[in-house]
Amino acid sequence: MITLTLAQLNYTVGDVAGNVERMAAAARRAARDGSQMVVFSELSLTGYYPGDMLDETPFKAKVEAGVQALLAASRECPGLAWVVGAPLARNGPGKAWHNGLLIVRDGEVLLRYAKQLLPTYNIFDERRHFEPGPDIAPVLQIGDARVGFMICEDGWNDHGADYEVNPFRRLQDASPDFVVSINASPSEIGKRELRHKVFADASAQHRLPLLYVNQIGGQDQIVFDGASFAVQPAQGVVFETHRFEEDVATLRFDGGRFLTARGGTPPRVNPQGLPTMAFYRAQIVLGLRDYARRCGFRQVLVGSSGGIDSALTLALAAEALGAENVAAVTMPSRYSSPGSVDDSVALCRNLGVTLYTHPIAEAVDVYARQFEASFAHPLQGLPLENLQARIRGTVLMEYSNTFGHLLLTTGNKSELSVGYCTLYGDTNGGLGLLGDLYKTEVFALSRHLNEAAGRERIPVAIIDKPPSAELAPGQKDTDSLPPYEVLDEILRFVIEAERLAPDEYRQARDFVEHLRGTPDGRTLIDRVRRMVARNEYKRRQAPPMIRVRAKAFGAGRQMPIAAQYD
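Remember, it's a predicted structure, so these values are computed and weren't measured experimentally.

**As for the overall build of the chain**
Looking only at helices and strands, one finds 16 helices and 20 strands in the chain. Taken over C-alpha atoms, the radius of gyration comes to 26 Å for the chain, in line with the 24 Å a tight globule of 566 residues would show. Its C-alpha atoms put the chain at 80 × 55 × 55 Å along the principal axes. Expressed as a percentage of the 566 residues in the chain, the buried residues total 57%. For the chain, the computed accessible surface area is about 23,600 Å², with 50% contributed by carbon and sulfur atoms. Here the chain contributes 61 positive and 67 negative side-chain charges, whose respective centroids are spaced 1 Å apart.

**Description of the sheet that holds strand β18 (residues 354-357)**
Taken in spatial order, the 5 strands of this open sheet run β18-β17-β16-β19-β20, and their pairing is parallel. Looking at strand neighbours, the two that pair on one side only are β18 and β20 (431-432), the edges of this open sheet. As paired strands, strand β16 (residues 300-303) and strand β19 (residues 406-409) are joined by 2 bridges and run parallel to one another. In the strand pairing of β19, V300 is matched with L406.

**Focus on the side chain of S187**
Mapped onto the elements of the fold, S187 is located in the loop between β8 (178-182) and α4 (191-206). Only 2.7 Å separates the side chain of S187 from the side chain of Q283, close enough to count as a polar contact. Sequence-distant contacts of S187, that is, excluding residues within four places in its chain, are made with R195, V223, F224, D225, R243, F244, F279, Q283 and R547.

**Some details on the sheet that holds strand β4 (residues 97-105)**
Strand-to-strand pairing in sheets goes through backbone hydrogen bonds, with the strands running parallel or antiparallel. The strand order across the open sheet formed by 7 strands is β5-β4-β3-β2-β1-β14-β15, and the pairing between neighbours is mixed. The open sheet terminates on both sides in strands that have one partner only, identified here as β5 (108-114) and β15 (257-260). Recorded for the sheet is a direction-independent mean angle of 35° between the axes of neighbouring strands. Relative to β15, strand β14 (residues 247-254) runs antiparallel, the two being bridged by 4 bridges.

**Observations regarding the packing of aromatic side chains**
Here a ring pair, both rings aromatic, is described through the centre-centre distance and the interplanar angle of the planes. A complete count under the given rule lists 19 aromatic pairs for this structure. Taking 4.6 Å as the distance between ring centres and 45° as the angle between the ring planes, the aromatic pair formed by F178 and F253 counts as tilted. A residue pair is termed long-range when its members are at least 10 positions apart, and F178 in strand β8 and F253 in strand β14 qualify at 75 residues. For F253, a relative accessible area of 6% translates into the label buried. Seen from their ring centres, Y212 and F229 are 4.5 Å apart, and the 10° between their planes marks the pair as stacked. Of this pair, Y212 sits in strand β9 (residues 210-213) while F229 is found in strand β12 (residues 229-232), placing the two residues 17 residues apart along the sequence. Taking the relative accessible area as the measure of exposure, Y212 reaches 0% and is therefore buried. Three or more aromatic residues link up through ring pairs in this structure, and these residues are W156, F168, F199, Y212 and F229. Between R539 and the ring centre of F553, over which it is positioned, the NZ or CZ distance is 4.7 Å.

**Section: the environment of V548**
Along the polypeptide, V548 turns up in the segment after α16 (536-540). Residue V548 is classed as buried on the basis of its relative accessible area, which comes to 1%. In this structure the C-alpha to C-alpha distance between V548 and A249, which are 299 residues apart in sequence, comes to 27 Å.

**Concerning helix α1 (residues 16-32)**
For α1, with 17 residues, the first-to-last C-alpha span of 24 Å sits near the 24 Å given by 1.5 Å per residue. Of all the residues in α1, the buried ones are V16, G18, N19, V20, M23, A24, A26, A27 and A30. If you follow the buried residues of α1, they end up packed against β1 (2-8), β2 (37-39), α2 (57-74), β3 (81-89) and β14. Residue G34 follows α1 closely and has a positive phi angle near 80°.

**Focus on the UniProt feature "binding site: deamido-NAD(+)" (unreviewed entry) in the chain**
Under the present numbering, the feature "binding site: deamido-NAD(+)" (unreviewed entry) in UniProt falls on N386, E415 and K538. Note that N386 resides in helix α9 (residues 382-403). Note on N386: relative accessible area 17%, which makes it buried. Every residue in contact with K538, bar those within four places of it in the chain, is listed here: G419, C421 and L423. Polar side-chain contacts of K538 include one of 2.8 Å to the backbone oxygen of G419.

**Thoughts on the UniProt feature "binding site: L-glutamine" (unreviewed entry) in the chain**
Per the UniProt record, "binding site: L-glutamine" (unreviewed entry) is annotated on Y121, S185 and K191. Overall, the relative accessible area of 36% leaves Y121 in the partly exposed class. Apart from the residues within four sequence positions on either side, Y121 is in contact with E153 and Y163. Tracing the backbone through its elements, the reader meets K191 in helix α4. According to the relative accessible area criterion, K191 is buried, its value standing at 10%.

Reading the values: the criteria
- Residues numbered from 1 in each chain as written.
- Predicted model: local features only at pLDDT ≥ 70, side-chain atom pairs only at ≥ 80, totals over all residues.
- Heavy atoms only, no water.
- Helix = DSSP H or I, 4+ residues; strand = E, 2+ residues; numbered from the N terminus.
- Rg over C-alpha atoms; globule rule 2.2 N^0.38 Å.
- Buried < 20%, exposed > 50% of the residue type's maximum accessible area, 1.4 Å probe, protein only.
- Areas by Shrake-Rupley, 256 points an atom, 1.4 Å probe, with all protein chains shown as cover.
- Lys, Arg positive; Asp, Glu negative; His and termini not counted.
- Charge placed at Lys NZ, Arg CZ, Asp CG, Glu CD.
- Pairing = 2+ DSSP bridges.
- Polar contact = N/O pair within 3.5 Å; in protein donor to acceptor, adjacent residues only side chain to side chain.
- Contact = heavy atoms within 4.5 Å.
- Axes fitted to C-alpha atoms, helices over the stretch in contact; angles between N-to-C directions.
- Phe/Tyr/Trp six-rings, centres within 6.5 Å; stacked < 30°, edge-to-face > 60°.
- Lys NZ or Arg CZ within 6 Å of the ring centre and 35° of its normal.
- Expected span 1.5 Å × (residues − 1).
- UniProt positions renumbered as here; feature names shortened; annotations may be inferred.

Written out as structure tokens, the structure reads:
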């Protein structure tokens, strides 16, 4: 029998001393619970992912000091083994680091292991900094149990399709009583269920009980959801920690089974995750909260157009940071409808957010007159429309600079995909909350917030009115774009394709195939593809966007700007 503690914590990248303090507090709790082992997540010492900080000489010294601090802290919990993720310096040809696992106890290192499989797909680029570890099975006797260890990607190749090496096979040969996997597994829609399937299948295949420990928290675009779990070969997932929050949980492993700390059967794990809209909400709220905190912002700012995107952004920001820490600015022009201003007022009243009014009509006229005087050409059409967006962006940045608020951009994935946005205007900001949500999902999430609250947080008038940039008389989004119900299905197929969930992929594929059956449909598909391709330069300059889907703009979709696209 062995008692062990899962420490699912929220680390800050680069804050080595703070991360050690966080781990030490969890270790003291594990010691009080009578544990013989406390397990932390992948790269818990530095936070995941330090990136090119790993190339800086001062950071190397910080890592070494952090390891020494870990050893010192472990002496304060006699007999407790700490399983810690850390960069391990190495010599010889290749990269300067291993992505490593250390087991320390009573001030000594009992085991060092280097991750064998280094992902270089989607948002991952570990081979940039790390050298793969040797093909070995790390096993250590802790108390009455022989425990095997692996790190994240090591456990994702049991099908053998992605790498020549399968660490699960080597561990099976070593015959541990159970396996511990430390992870930094980013969250996306459907990811929790995928983890359960991959590791439950491997556990059953190799007859190895398994403990999976993940981290939580937002880091730039990425959010980690925690949801650490334990797997039995015959039963599948039998225990799970909380999702989207820190959790320190103690279990017992006895007679080949994971039990509660008191020896009982853990509560049943619901195989179904959060509904899609509830998941989006939790992911975005945690992502914003941590991004603002780690970047030193207490308050945020949103330009309130009276439209659905800014309304949803304001509602999510108020939930994440408190309405008292959110400011909104409405900036009517000569083309703004009275209803848009009234809707902004109603929205901010519902949310408890302070709304400021900064008209821009006079500023637009001054710019336009001076442009014509300087260049002997009137400012009209698209340049005049974009000028309004850029003046609004300038006003918001002036406010941000003056009062220290983080400006949140409000663009959604549909608009960013096809370039329906203005550089240095509505793309201004430090973070985008909706950049991985299609427009149809923006509407659905807005309705979800109202349903969950049991009242109109976002006025129905905003949800129901036709989307418009209001940069020209009578303008509607559908003047330039197909209906979002059509556009979004095309975009899902063009951008994400087989990265979609199976049902979502089949729906998008069938929709596009149906469109291809007509000349107008083929023309529309080709037009959307061209719009996506030629607006890569805009997305490259956009703020980071919180990732909720498997294929997000940013590090997860790296496309050239200057290229020939068919």
